[in-house]
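Here is how the chains run, residue by residue.
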Amino acid sequence: MKDNKKELFESMPVGKALLTMAIPTIVSQLITMIYNLADTMFIGMTDDPYKVAAASAVGTLYFVLNSLSNLFGVGGGSLVSRLLGQKQEEKAKRVSVFSFYGSFAVAAVYATVCAVFTEPIARLLGASDNTVGYATSYMFWVVVIGAIPATLSMTMSHLLRSAGYSKEAGAGLAIGGISNILLDPLFMFVLLPRGNEVTGAAIATLLSNVITLIYFLITYYRLRGRSVLSLHPKCIRLEKRLVGEIFSTGLPSSLTSLLANVAAILKHNLTSGYGDIELAAYGIVIKIDMLPLNVGMGLCQGMMPLVAYNYAAKNYDRMRKITRTAQISAMTMAAICIVLFEIFAPQIIWLFIRDDATIAYGQVFLRIACLATPFMISNFQKIYSLQAMGKGKESLILGVCRQGLFAIPTILILNHFVGLYGILAAQVVSDGCTFILSTLIYRSVYNKLQQEIKG
């Protein structure tokens, strides 16, 4: 590992190290969020709630790709950072190669399943007779054709970050986001005939992911010999113990993300039962509420390699300072966003669509949804910290409880007793409960580390 990367992990002031790792990630997350918003905004310019509802309904399938990338990106990335902390660079190299090709394989399987069951899956996600045509078109380009480039891009960004190359990881995702923003109007309003705006947005997303993947492949090539990152097939063989460590961290992360998508699919399905306009409003609000969450996730992803490295090096004091600094920064951002969303909710929804009925629902949805943000970010930070330490069992318990024990039952219960607005309120309740559990588990793990130091 290069000396400047060693300084970043071991001796650079905590605030500076966190900024060095987190800022590129946050910027790339925000640009990614902007292009997600751009898709919704450009489709909303048609003033057709059915098109917005269709993109929202199948949008959760795209986020499943994030779950797949977590299996090898988070699992492999966490292990790479820990191996670097233990000065085992050759093993870290083999882990990076195995993670790349493993990610390729699972993305290919997922794309095949979606290709075979396109319409049934779209219907399951809440697509109606009014929206199923738009939904299947979006699904074909973004998921069936685009699964491999999207998943590989996200996995490679995790691996780059795990080796200390946060700037390069952030730049790749930013390039993809900017490309999408530029390509959206070109395909939606210029190249394709009127009425094909959803298809145009989908093709733009596909091409932006391909551009991102090309950037990462070039970046890996340029870093050859200077980092532990590699794509050489001869290094793909990995001892069983290391494969087990990848899955012990990556599987909980992937499962947690998949359960979150199940909860999102359930929300979409239940919301669609109230009408396409309600679903369109819900889809817009979920995109808007990604702003504070993406900042928090950027901090988590920037923090994770630092935590993993210092945990492996047994520098627990530095590790704690990193997590505490990230927590304070994220909570400040969440508080600012809640105030803005509560005050300017109607104006914010108006930016995406001019339909009065959609705005009426959207402003109430946004004011409810944003209240969950501080809990969500705090929970993510604790889960990411546990994953960085290789604490697969603890992170799995939190992930399964957050969605399986708290979120999904709460959605069903509040929908039954409260109705439409209960679906939005379920996030606040479930993440509030998870916050209590995550705090207890994280404190237990950290107390054991303290006892290890004293012993």
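Residues numbered from 1 in each chain as written. Predicted model: local features only at pLDDT ≥ 70, side-chain atom pairs only at ≥ 80, totals over all residues. Heavy atoms only, no water.

Caption draft 1: Quick peek at the nonpolar core. Formed by 71 residues in total, the largest nonpolar core has its most connected members in Val95, Leu160, Leu306, Met319 and Met389. The biggest single contributor to this core is helix H12 (residues 290–312), with 12 residues. Every residue in contact with Leu306, bar those within four places of it in the chain, is listed here: Leu8, Phe9, Ala17, Leu18, Met21 and Ile322. Among the nonpolar cores identified, the runner-up in size contains 62 residues, and Leu65, Met139, Ile338 and Ile353 belong to it. (Core = buried A, V, L, I, M, F, W, Y, C linked by side-chain atoms within 4.5 Å. Buried < 20%, exposed > 50% of the residue type's maximum accessible area, 1.4 Å probe, protein only. Helix = DSSP H or I, 4+ residues; strand = E, 2+ residues; numbered from the N terminus. Contact = heavy atoms within 4.5 Å.)

Caption draft 2: Just the pattern of salt bridges, in detail. As enumerated under the stated definition, the model contains 9 salt bridges in all. The salt bridge partner of Arg123 is Glu119, with a shortest N-O separation of 3.7 Å. Within this pair, Arg123 and its partner Glu119 are both found in helix H5 (residues 118–124), separated by 4 residues, close to a single helical turn. On the basis of relative accessible area, Arg123 is assigned to the partly exposed category, the value being 33%. Given a relative accessible area of 41%, Glu119 falls into the partly exposed group. Bridged by salt links that share partners, the residues Arg82, Lys91, Glu239, Arg241 and Glu245 form one connected network. (Salt bridge = Lys/Arg side-chain N within 4 Å of Asp/Glu carboxyl O.)

Caption draft 3: Region of interest: the packing of aromatic side chains. This model, assessed by the stated rule, comprises 10 aromatic pairs. Seen in terms of ring centroids, Phe365 and Tyr421 are 5.8 Å apart; in terms of plane orientation they differ by 70 degrees. Their pairing is edge-to-face. Residue Phe365 is found in helix H14 (residues 356–369), and its partner Tyr421 is found in helix H17 (residues 420–454); the two are separated by 56 residues along the sequence. Owing to a relative accessible area of 0%, Phe365 belongs among the buried residues under this scheme. Looking at Tyr421, the relative accessible area reads 34%, which means it is partly exposed. With centroids separated by 5.8 Å and ring planes inclined at 55 degrees, the aromatic side chains of Phe375 and Phe435 adopt a geometry described as tilted. Of this pair, Phe375 sits in helix H15 (residues 373–388) while Phe435 sits in helix H17, and the two are 60 residues apart along the sequence. Of the residues examined, Phe375 reaches a relative accessible area of 29% and is grouped as partly exposed. (Phe/Tyr/Trp six-rings, centres within 6.5 Å; stacked < 30°, edge-to-face > 60°.)

Caption draft 4: Examining the environment of Ser56 more closely. Here Ser56 lies in helix H3 (residues 49–85). Judged by relative accessible area, Ser56 falls into the buried class, the value being 12%. Ser56 sits 26 residues away from Arg82 along the chain, and the two C-alpha atoms are 38 Å apart.

Caption draft 5: Broad picture of the packing of H3 against helix H7 (residues 147–162). With their axes 8 Å apart at the nearest point, H3 and H7 run at an angle of 25 degrees to one another. As far as their axial angle goes, H7 and H3 are roughly parallel. Pair H3 / H7 crosses with right-handed handedness. Residue composition of the contact of H3 with H7, grouped by class: 11 nonpolar, 11 polar and no charged. (Axes fitted to C-alpha atoms, helices over the stretch in contact; angles between N-to-C directions. Parallel < 35°, antiparallel > 145°, perpendicular 65-115°, else oblique. Left-handed = near helix turned anticlockwise from the far one by under 90°. Nonpolar A, V, L, I, M, F, W, Y, C, P; charged D, E, K, R; others polar.)

Caption draft 6: Spotlight on the confidence of the model for the protein. Looking at the protein, pLDDT values average 86 and 96% of them are 70 or higher. When the elements of the protein are averaged for pLDDT, helix H1 (residues 3–10) gives the smallest value, 71, and helix H4 (residues 89–116) the largest, 93. (pLDDT = per-residue confidence, 0-100.)

Caption draft 7: Structural context of the side chain of Thr199. Structurally, the position occupied by Thr199 is in helix H9 (residues 197–223). Overall, the relative accessible area of 16% leaves Thr199 in the buried class. When sequence neighbours within four positions are dropped, the list of residues in contact with Thr199 reads Ser137, Trp141 and Leu192.

Caption draft 8: Main features of the packing of H3 against H12. With their axes 6 Å apart at the nearest point, H3 and H12 run at an angle of 30 degrees to one another. One element, H3, and the other, H12, form an angle in the roughly parallel class. Between H3 and H12 lies a crossing whose hand is right-handed. Where H3 abuts H12, its residues Phe63, Val74, Ser78, Ser81, Arg82, Leu84 and Gly85 lie against Met290, Met304, Pro305, Ala308, Tyr309, Tyr311 and Ala312. Taken together, the residues of the contact of H3 with H12 break down into 10 nonpolar, 3 polar and 1 charged.

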